[in-house]
Amino acid sequence: MRGQFTGWPEQAMDVLWQLQGEPTRATRERYRADRERLVRQPMIALLNEVADTDPRYEDFSVWHYRTNSWWWQHQGAVIRLGRKIEIGLRFSLDGLQIQGAWWYPDPGQVDMFRKAVASERSGRDLCAIVEDVRKKGYDISGDVMKRPPRGYPTDHPRTDLLRHRSLIAARPLGCEEWLHTPEAVDRVLSAAADLDALLMWLVRHVKRAA
């Protein structure tokens, strides 16, 4: 049900600004309550609304701050879609960023990925999906080997994908006025739709370890 998320308050940026650099423990404690209320809680409200819109997005976590100053300056969250397959969100002074990722694979998942990439039908599908996502402005990255993996020809038509041991598509959503309004929900849902074909391919082919 829409209505719980109203946007990140503009004061959220003020709090993150105060936490830049290497803030002292005293500074962190001074802003802890404000950061929770103005930065982390809006992320929880946002993801609750996203999950209300699409039940596939119900399994999410919104990170706490930990001890490293980077975590105080960047509010992270993930939506889990499969084993090691997720949508990641990050809110910071740079605005909101989204990524779809298969990473930190379980033993056996890389082999499953490579077999699906090498297969003519599923491999061609992934190539088309990745190209489409790239055209929508997403950077494609991951843990990529310098050489093709053993057991696959060096001239395989999808050798670039075969070298991946993880696959990530990411882009910034921006830092405009909509961040402070309910429109942010629609921006996230639109970006999730951009990533849907890629993530569902991964769920089908590498969601479980072999």
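The structure presented is a predicted model; accordingly, all values stated were derived computationally and were not measured. (Residues numbered from 1 in each chain as written. Predicted model: local features only at pLDDT ≥ 70, side-chain atom pairs only at ≥ 80, totals over all residues. Heavy atoms only, no water.)

Undergrad: Before we move on, could you go through the overall build of the protein and cite the residues and values that matter?
TA: The helix and strand inventory of the protein stands at seven helices and six strands. Considering only C-alpha atoms, the protein reaches an extent of 60 × 40 × 30 Å along its principal axes. Counting over 210 residues, the protein shows a buried share of 47%. Once local pairs closer than 6 in sequence are excluded, the contacts in the protein between residues at least 24 apart make up 67%. On the protein, roughly 11000 Å² of surface is accessible, and the fraction owed to carbon and sulfur atoms is 49%. Each charge sign in the protein was given a centre, from 32 positive and 29 negative side chains, and these centres are 8 Å apart. (Helix = DSSP H or I, 4+ residues; strand = E, 2+ residues; numbered from the N terminus. Buried < 20%, exposed > 50% of the residue type's maximum accessible area, 1.4 Å probe, protein only. Contact = heavy atoms within 4.5 Å. Areas by Shrake-Rupley, 256 points an atom, 1.4 Å probe, with all protein chains shown as cover. Lys, Arg positive; Asp, Glu negative; His and termini not counted. Charge placed at Lys NZ, Arg CZ, Asp CG, Glu CD.)

Undergrad: Please give an account of the packing of aromatic side chains that cites residues and values.
TA: On inspection of all chains with the given rule, the structure shows six aromatic pairs. A centroid spacing of 5.6 Å and a plane angle of 80° characterise the contact between Phe5 and Trp8, whose relative ring orientation is edge-to-face. An identical accessibility class is assigned to Phe5 and Trp8; each is buried. The interplanar angle of 40° and the centroid separation of 5.1 Å between the aromatic rings of Trp103 and Tyr104 together place this pair among those described as tilted. (Phe/Tyr/Trp six-rings, centres within 6.5 Å; stacked < 30°, edge-to-face > 60°.)

Undergrad: Help me get a handle on the environment of Thr154, residues and values and all.
TA: For Thr154, the location among the structural elements is in the loop between β5 (139–141) and α6 (159–162). Accessibility expressed as a relative area gives 64% for Thr154, which makes it exposed.

Undergrad: Quick one: what's the story with helix α5 (residues 120–135), residue by residue and with numbers?
TA: Under the 1.5 Å per step criterion, the end-to-end length of α5 is 23 Å for 16 residues, consistent within 8% with the ideal 22 Å. For α5, the complete set of buried residues consists of Ser122, Gly123, Leu126, Ile129, Val130 and Val133. Along α5, the residues classed as buried sweep out an arc of 125° about the axis, all on the same side. Among the exposed residues of α5, those pointing more than 90 degrees away from its buried face are Arg121, Arg124, Ala128 and Lys135. Buried residues belonging to α5 abut α4 (109–118), β5, α6, β6 (167–174) and α7 (183–206). At the C-terminal side of α5, Gly137 shows a positive phi close to 100°. (Expected span 1.5 Å × (residues − 1). Arc of directions from axis to C-beta.)

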